[in-house]
Amino acid sequence: MTRQRSSRPNTRSSTHSGTRSTASRGAPIKQPGKLRIIGGDFRRRQLPVLDRPGLRPTPDRVRETLFNWLGQQLYGQRVLDLFAGTGALGIEALSRGAAHVDFIERDSSVAAYITQNLDALGATHGHVTTRDAETFLNQPSQPYDLVFLDPPFNQGLAANCCSALESRGWLTQDAMIYLETERALTPVAPANWQLHRETQAGETTARLYLRQTP
């Protein structure tokens, strides 16, 4: 996905257009960035996102492709958004009928923005946890139907998280796993994850896996 990815990466200040900070010697203050919801109940809503180094929201085109892949399969699903960042993927899932989404984001300021946006939407079925994703995966598990896995690029996190999801009981029998990585990386996924769809945009490769019973 925003993704910290802050585990992932995104964020901006809420000052008005045209104002400048005297404390910053006349440097212009950034306006809040915007996240646009593509489909579902919250379609066309625009939400503020934090301007944070490394916070990298999943591009609109990739998000649109992903949710076309998922189609109507989101209704009633339990969803986990690891390295939530802007929360773009999880919020899009809620907009399209997911029963519950857990957002995991280690940066407290970024996590607060997700909570603020969920409140603004009235999305009561989303819950934000401020925690490192790998630490979260080490705790007792509860299975999810769909997992968004969008770790920071070039930190070697993808393979360990995939392994933890599979081996520690985080996935339902026929779960779907969306994995977004740097284009140069060929991820090592568990043997029972079948690659269902794949697309590329810029330096990003997006893959959707279908879990099969081991």
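## Considering the environment of histidine 196
Within the element layout of this structure, histidine 196 appears in strand β8 (residues 193–201). Looking at histidine 196, the relative accessible area reads 32%, which means it is partly exposed. Between the C-alpha atoms of histidine 196 and arginine 211, which are 15 residues apart in sequence, the distance is 9.7 Å. If we skip the residues at most four places from it in the chain, histidine 196 touches Leu208, Tyr209 and Leu210.

## With respect to helix α5 (residues 158–167)
What α5 keeps buried is the set Ala158, Cys161, Cys162, Ala164, Leu165 and Glu166. Its buried side turned inward, α5 meets β3 (78–82), α4 (133–137), β6 (144–149), β7 (171–182), β8 and β9 (204–211). The positive-phi residue at the C-terminal boundary of α5 is glycine 169, with phi of around 80°.

## A look at the confidence of the model for the protein chain
Any region with low pLDDT has predicted coordinates that should not be read closely. When pLDDT is averaged across the protein chain, the result is 84; 84% of the residues are at 70 or more. Low confidence marks residues 1–31, where pLDDT is under 50. Its contacts with residues over four positions away, or in another chain, come to 120 contacts.

## Observations concerning the sheet that holds β8
Read across the sheet, seven strands follow the order β5-β4-β3-β6-β7-β9-β8 without closing on themselves; strand pairing throughout is mixed. Each edge of the sheet is formed by a strand with only one pairing partner; in this case those strands are β5 (126–129) and β8. Within this sheet the neighbouring strands show an average axis-to-axis angle of 15°, counted without direction. Two elements, strand β4 (residues 100–104) and β5, share four bridges in a ladder whose sense is parallel.

## A word on the environment of phenylalanine 42
Within the secondary structure, phenylalanine 42 sits in the loop between β1 (33–36) and β2 (46–49). Classification of phenylalanine 42 as buried rests on a relative accessible area of 13%. Separated by 79 residues in the primary sequence, phenylalanine 42 and leucine 121 place their C-alpha atoms 7.4 Å from one another. Those residues in contact with phenylalanine 42 that sit more than four places away from it in its chain are Ile37, Ile91, Leu94, Ser95, Leu121 and Ala123.

## Remarks on the environment of glycine 40
In this structure, glycine 40 sits in the loop between β1 and β2. Exposure remark for glycine 40: the relative accessible area of 40% places this residue in the partly exposed category. Distance from glycine 40 to glutamate 92, taken between C-alpha atoms, is 7.5 Å for residues 52 residues apart in sequence. Glycine 40 has contacts with Ser95 and Arg96, leaving out every residue within four places of it along the chain.

## Overview of unusual backbone geometry
Not every positive phi belongs to a glycine, and phenylalanine 83 is a case in point at roughly 50°. One can find phenylalanine 83 in the loop between β3 and α2 (88–95). Residue classification places phenylalanine 83 among the buried residues on the basis of a relative accessible area of 2%. The phi angle at asparagine 154 is positive, at roughly 60°, despite the residue not being glycine. The topology assignment puts asparagine 154 in the loop between β6 and α5. Of the residues examined, asparagine 154 reaches a relative accessible area of 65% and is grouped as exposed.

## With respect to the packing of helix α1 (residues 60–70) against α2
Closest axis-to-axis distance for the α1/α2 pair is 11 Å, and the angle between their directions is 40°. Our classification of the angle between α1 and α2 gives oblique. Remark: the crossing between α1 and α2 carries right-handed chirality. Between α1 and α2, the contacting residues are Arg63, Leu66 and Phe67 on the first element and Ala88, Leu89, Glu92 and Ala93 on the second. Residue composition of the contact of α1 with α2, grouped by class: five nonpolar, no polar and two charged.

## Some remarks on the pairing of β6
Here β6 lies mainly inside the structure; six of its six residues are buried. Relative to β6, β3 runs parallel, the two being bridged by four bridges. Across the sheet, the residue bridging to aspartate 81 is phenylalanine 148, located in β6. The sheet contact formed by β6 and β7 spans five bridges and is parallel. Following the sheet pairing, phenylalanine 148 is matched in β7 by tyrosine 178.

Rules behind the numbers
- Residues numbered from 1 in each chain as written.
- Predicted model: local features only at pLDDT ≥ 70, side-chain atom pairs only at ≥ 80, totals over all residues.
- Heavy atoms only, no water.
- Helix = DSSP H or I, 4+ residues; strand = E, 2+ residues; numbered from the N terminus.
- Buried < 20%, exposed > 50% of the residue type's maximum accessible area, 1.4 Å probe, protein only.
- Contact = heavy atoms within 4.5 Å.
- pLDDT = per-residue confidence, 0-100.
- Pairing = 2+ DSSP bridges.
- Axes fitted to C-alpha atoms, helices over the stretch in contact; angles between N-to-C directions.
- Parallel < 35°, antiparallel > 145°, perpendicular 65-115°, else oblique.
- Left-handed = near helix turned anticlockwise from the far one by under 90°.
- Nonpolar A, V, L, I, M, F, W, Y, C, P; charged D, E, K, R; others polar.

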